[in-house]
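# Chains, contacts and geometry: an overview
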Amino acid sequence: MNKKFVFILILLTLLLYARPFWQWFQAKKGAPGPSFHVVSALPGATNERPFMKEEFIGPPGAMQVHAASMAELGDGTLAAVWYGGEYEGSKDTRIYFTTRVPRAPGEEGEWSLPRGIVDRVSAGKELKRYIKKTGNPLIFSGPGDRLWLIYVTVSVGGWSGSALNVTVSHDRGRNWAPGRRLTLSPFFNVSELVRNNPLPLTGGGYVIPIYHECIGIFSELLWFFPKSDGKGLNYRKTRLTWGKRFLQPTIVALSPDSAVTFHRGHGVRKNIGMSFGEDGGETWTAPGYIELPNPDAGIAALLLSDGRVLLAYNHHRETRENLSLAVSDRGFRSWRRAAVLEDTPGEEFSYPYLLPTGDGSIHLVYTWKRQRIKHVVFNEAWLHKQVSDER
Amino acid sequence: MSEEIIITGFSFLFPFLLLMLTVQSVLRRLGKSPGGWRPAVILGFFSALAVTVPVGGLPLARWVASLNANFSIPLTAVVLHRVWKNASGTALLDGNALRVGWIFGGIGGVVLYPMALGLGPFDPYSQGWGFSSLFVVSMGLTVFLLVKKNRFGVVLVFCILSYNLHLLESSNLWDYFIDPFFVSVSLAALVRRFVKSKNRRDNRMEKS
């Protein structure tokens, strides 16, 4: 290499590094750090009557179903997704999608017949690679009534071979854009999974709890910034926990800067984990345990209108045979078990997902005996009544 | 051209080069020289055909991408160097460049993988998005190697060029620098070098 060539290459290097620096500098200059949009259940009227309703989503079938999530569109339409197949991890698993359009304002309609929107063949075609099976889907709504779907696919191995993909619908779920792979791990881009609610950010975008499940088992956050055209996408990932003790986080914003995360416990001590973030989610306290048990199973959390947190979880250290609701005090130090929604020995009720809607209702979907997706709707008045009845 | 077409198109390069190198190695083992431009062009043509023709619904290159979609630029450069050397007899990367490459891959892997896979609270992989100390360190290293006229510096220029052009599926700078295969090859090369130099030292001591 002669001197002139070296000089040109050094100049080129500086220019090539200047571009990401400039983009980072502009982003830093133009906007403050990330801040959370506080999502909570809406308070009902003081004289509102307690209500609670249970139903199944979709007709009964022979296949196993699991890992439901739910979103609300601007007009009150609910959209739900889950995956189902012969068994968990079978090659015929597909992600099912259904909606419930209100008949009239304030009057609920019927769930549409669930239809498969992603399977291993369609995902393989869209992602242009071999896909062995599909897994956990997460649906959420964004500006312009867009529906986003982040879903797990596996090319090689079991769930530790999972990778995350994203697709979007601009027409309320009728059509979905081709899926796109998210690269989130340096090691063959495997072992990244999604489960719980995203949290909107005030400047646009979302922070989505995800987790890693391979040699280490830990909770992470996916910072997800779709561009306004719905096609472009920026994302990055930060760490919530490390080691092998916690996974499947769920995040609740307490203020624009602070949030609390709860974690499925995976360690010897079978309790739910909790950690706090005070600086827009950039750094987090080391997770500790709360008093509620956890049989290494999914949990869901939601901020109530009075600042307390509602948790849906399995109140057991070994099995998933009951599904319970618990409400915290304001400091999240003590918890009161509010309701037992399911309790049948030998059965499984798992993977709860909580969604507050604009009408003040709280929606809960969960896996019911691996046979059906159950949908429970209640309001805060019902929840408060359960808490006071437990006393 | 859309970003997706560019990324998909680039994903064919590594499997193409790897196939060429594999066939060249087989030819060598069979005692046939893979050298010369004409055999290289013919081999290149058939390798290109082999990685693009669909087998079981997917081109061979995309089967490879199913396992790993982000082959690092240094690994691609090393394979290209070997293919080029087999075909032309001249080296794109000299011994110094390869030595620095192995050290780069080895250290990069040791720094990145244990922590990214959950050892400790710090995730170095998160430094690969946006702009961070990783960018400053890699820029400094690139300029240093260029000043030292080490050809691995040119490989690092291609890394940041590819990052800017978003040639890989990943938008994380780490994936442009290293991948599990490059780290494995680097560590193996370093161990081999260490064992060789130890044997040489032992032999020298025995003789003296």
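Scroll up to find the structure this text is about.
Values in this document were obtained by computation on a predicted structure and should not be read as measured data.

### What to know about the overall build of chain A
The secondary structure content of chain A amounts to three helices and 25 strands. Relative to a compact globule of 391 residues, whose C-alpha radius of gyration would be 21 Å, chain A shows 22 Å and is just as compact. C-alpha extents for chain A along the principal axes are approximately 85 × 45 × 45 Å. The contacts of chain A with a sequence gap of at least 6 include a subset with a gap of at least 24, amounting to 51%. With the model as given, the accessible surface of chain A reaches about 15,900 Å², and the carbon-plus-sulfur share is 54%. One way to put it: in chain A the 47 positive side-chain charges average out to a point 9 Å from where the 37 negative ones average out.

### Here's the deal with empty space enclosed by the protein
All names here are of chain B. For the structure on display, the rule yields two cavities of 30 Å³ or more. Considering only enclosed or pocket space, the largest cavity measures out at about 130 Å³ in volume. Around the largest cavity sit 17 residues that line it, and Phe 10, Ser 11, Ala 69, Phe 71 and Leu 168 are the ones nearest its centre. At the level of elements, α1 (3-10), α2 (13-29) and α4 (60-67) are the ones that each hand at least two residues to the lining of the largest cavity. Looking at which element gives the most residues to the lining of the largest cavity, the answer is α4, with four residues. Its residues assigned to classes, the lining of the largest cavity shows 12 nonpolar, three polar and two charged.

### A short note on the side chain of Arg 181 of chain A
Structurally, the position occupied by Arg 181 of chain A is in strand β9 (residues 180-181). Polar contacts involving the side chain of Arg 181 of chain A include one to the side chain of Thr 153 of chain A, which spans 3.1 Å. Apart from residues no more than four positions distant in its own chain, Arg 181 of chain A is found in contact with Leu 127, Arg 129, Ile 131, Thr 153, Ala 163, Leu 164, Asn 165, Asn 189 and Tyr 235 of chain A together with Glu 169 of chain B.

### What to know about a positive patch on the surface
Residue and element names in this part refer to chain B. Residues Arg 28, Arg 82, Lys 85, Arg 99, Arg 192, Arg 193, Lys 196, Arg 200, Arg 201 and Arg 204 make up a contiguous surface patch of positive charge. Elements with a contribution of two residues or more to the positive patch: α5 (73-88) and α10 (180-207). The leading source of residues in the positive patch is α10, at six residues.

### Quick word on helix α2 (residues 120-127) of chain A
All of the buried residues in α2 of chain A are Ala 123, Gly 124 and Leu 127 of chain A. Down the axis of α2 of chain A, the sector holding all buried residues measures 100°, keeping them to one side. Taken together, the buried residues of α2 of chain A touch β5 (115-119), β7 (146-154), β8 (162-169) and β9 of chain A together with α4 of chain B. Lys 128 of chain A, located one to two residues past α2 of chain A, shows a positive phi value of around 55°.

### Quick look at the sheet that holds β8 of chain A
All names here are of chain A. Taken in spatial order, the four strands line up as β6-β7-β8-β9 in an open sheet, and their pairing is antiparallel. Only two strands of the sheet have a single partner each, and these edge strands are β6 (133-142) and β9. Pairing of β8 with β9 involves two bridges; the strand directions are antiparallel. For Val 166, the partnering residue across the bridge sits in β9 and is Arg 180. Contacting β6, β7, β8 and β9, α2 crosses the sheet at an angle of about 100° to β7.

### A word on the interface of chain B and chain A
Between chain B and chain A, the residue contacts involve 51 residues of the former and 39 residues of the latter. Together, the buried faces of chain B and chain A total about 4,000 Å²; carbon and sulfur atoms form 67% of this surface. Considering only the surface of chain B that becomes buried against chain A, Leu 117, Trp 129 and Phe 131 of chain B emerge as the three largest contributors, covering 17% of it. Taken together, the connections running from chain B to chain A amount to four salt bridges. Note that Asp 123 of chain B and Lys 237 of chain A form a salt bridge whose closest N and O atoms lie 3.9 Å from each other. Taken together, the links from chain B to chain A amount to 14 residue pairs in polar contact (both at pLDDT 80 or more). Taken together, the elements giving at least two residues each to the side of chain B that touches chain A come down to α1, α4, α6 (95-116), α7 (133-147), α8 (152-165), α9 (173-177) and α10 of chain B. Ranked by residue count, the leading element in the side of chain B that touches chain A is α7 of chain B, at seven residues. Of the residues that constitute the side of chain B that touches chain A, the class distribution is 29 nonpolar, 14 polar and eight charged.

### Side note on the packing of α7 of chain B against α8 of chain B
Residue and element names in this part refer to chain B. Interhelical geometry of α7 versus α8 gives an angle of 140° and a closest axis separation of 8 Å. α8 is crossed by α7, and the crossing has left-handed handedness. For the pair α7 and α8, the contacting residues are Phe 135, Leu 141, Thr 142, Leu 145 and Leu 146 in the first and Phe 152, Gly 153, Val 154, Leu 156, Val 157 and Tyr 163 in the second. Of the residues assigned to the contact of α7 with α8, the class counts are nine nonpolar, two polar and no charged.

### Here's the deal with the packing of aromatic side chains
Within this structure, the stated rule accounts for 35 aromatic pairs over all chains. Measuring from centroid to centroid gives 6.4 Å for Trp 82 of chain A and Tyr 96 of chain A, while their planes differ by 20°, and the two rings are stacked. With Trp 82 of chain A in strand β3 (residues 78-85) and Tyr 96 of chain A in strand β4 (residues 94-100), the pair connects residues that are 14 residues apart, well separated along the chain. Side by side, Trp 82 of chain A and Tyr 96 of chain A carry an identical accessibility label, which is buried. Between Phe 135 of chain B and Tyr 163 of chain B, the ring centres sit 5.6 Å apart and the planes meet at 70°, which makes this aromatic pair edge-to-face. You can see Phe 135 of chain B sitting in helix α7 and its partner Tyr 163 of chain B sitting in helix α8, a full 28 residues away along the chain.

Calculation rules
Residues numbered from 1 in each chain as written. Chains lettered and ligands numbered in written order. Predicted model: local features only at pLDDT ≥ 70, side-chain atom pairs only at ≥ 80, totals over all residues. Heavy atoms only, no water. Helix = DSSP H or I, 4+ residues; strand = E, 2+ residues; numbered from the N terminus. Rg over C-alpha atoms; globule rule 2.2 N^0.38 Å. Contact = heavy atoms within 4.5 Å. Areas by Shrake-Rupley, 256 points an atom, 1.4 Å probe, with all protein chains shown as cover. Lys, Arg positive; Asp, Glu negative; His and termini not counted. Charge placed at Lys NZ, Arg CZ, Asp CG, Glu CD. 1 Å grid on protein atoms, 1.4 Å probe; cavity = no way out; pocket = protein on both sides within 12 Å on 5 of 7 lines; lining within 4 Å. Points joined across faces, edges and corners; volume = space filled by probe spheres on them. Nonpolar A, V, L, I, M, F, W, Y, C, P; charged D, E, K, R; others polar. Polar contact = N/O pair within 3.5 Å; in protein donor to acceptor, adjacent residues only side chain to side chain. Patch = residues over 30% accessible without salt bridge, like charges linked within 9 Å, V, L, I, M, F, W, Y side chains within 5 Å. Salt bridge = Lys/Arg side-chain N within 4 Å of Asp/Glu carboxyl O. Buried < 20%, exposed > 50% of the residue type's maximum accessible area, 1.4 Å probe, protein only. Arc of directions from axis to C-beta. Pairing = 2+ DSSP bridges. Axes fitted to C-alpha atoms, helices over the stretch in contact; angles between N-to-C directions. Buried area = accessible area lost by both parts, 1.4 Å probe. Left-handed = near helix turned anticlockwise from the far one by under 90°. Phe/Tyr/Trp six-rings, centres within 6.5 Å; stacked < 30°, edge-to-face > 60°.

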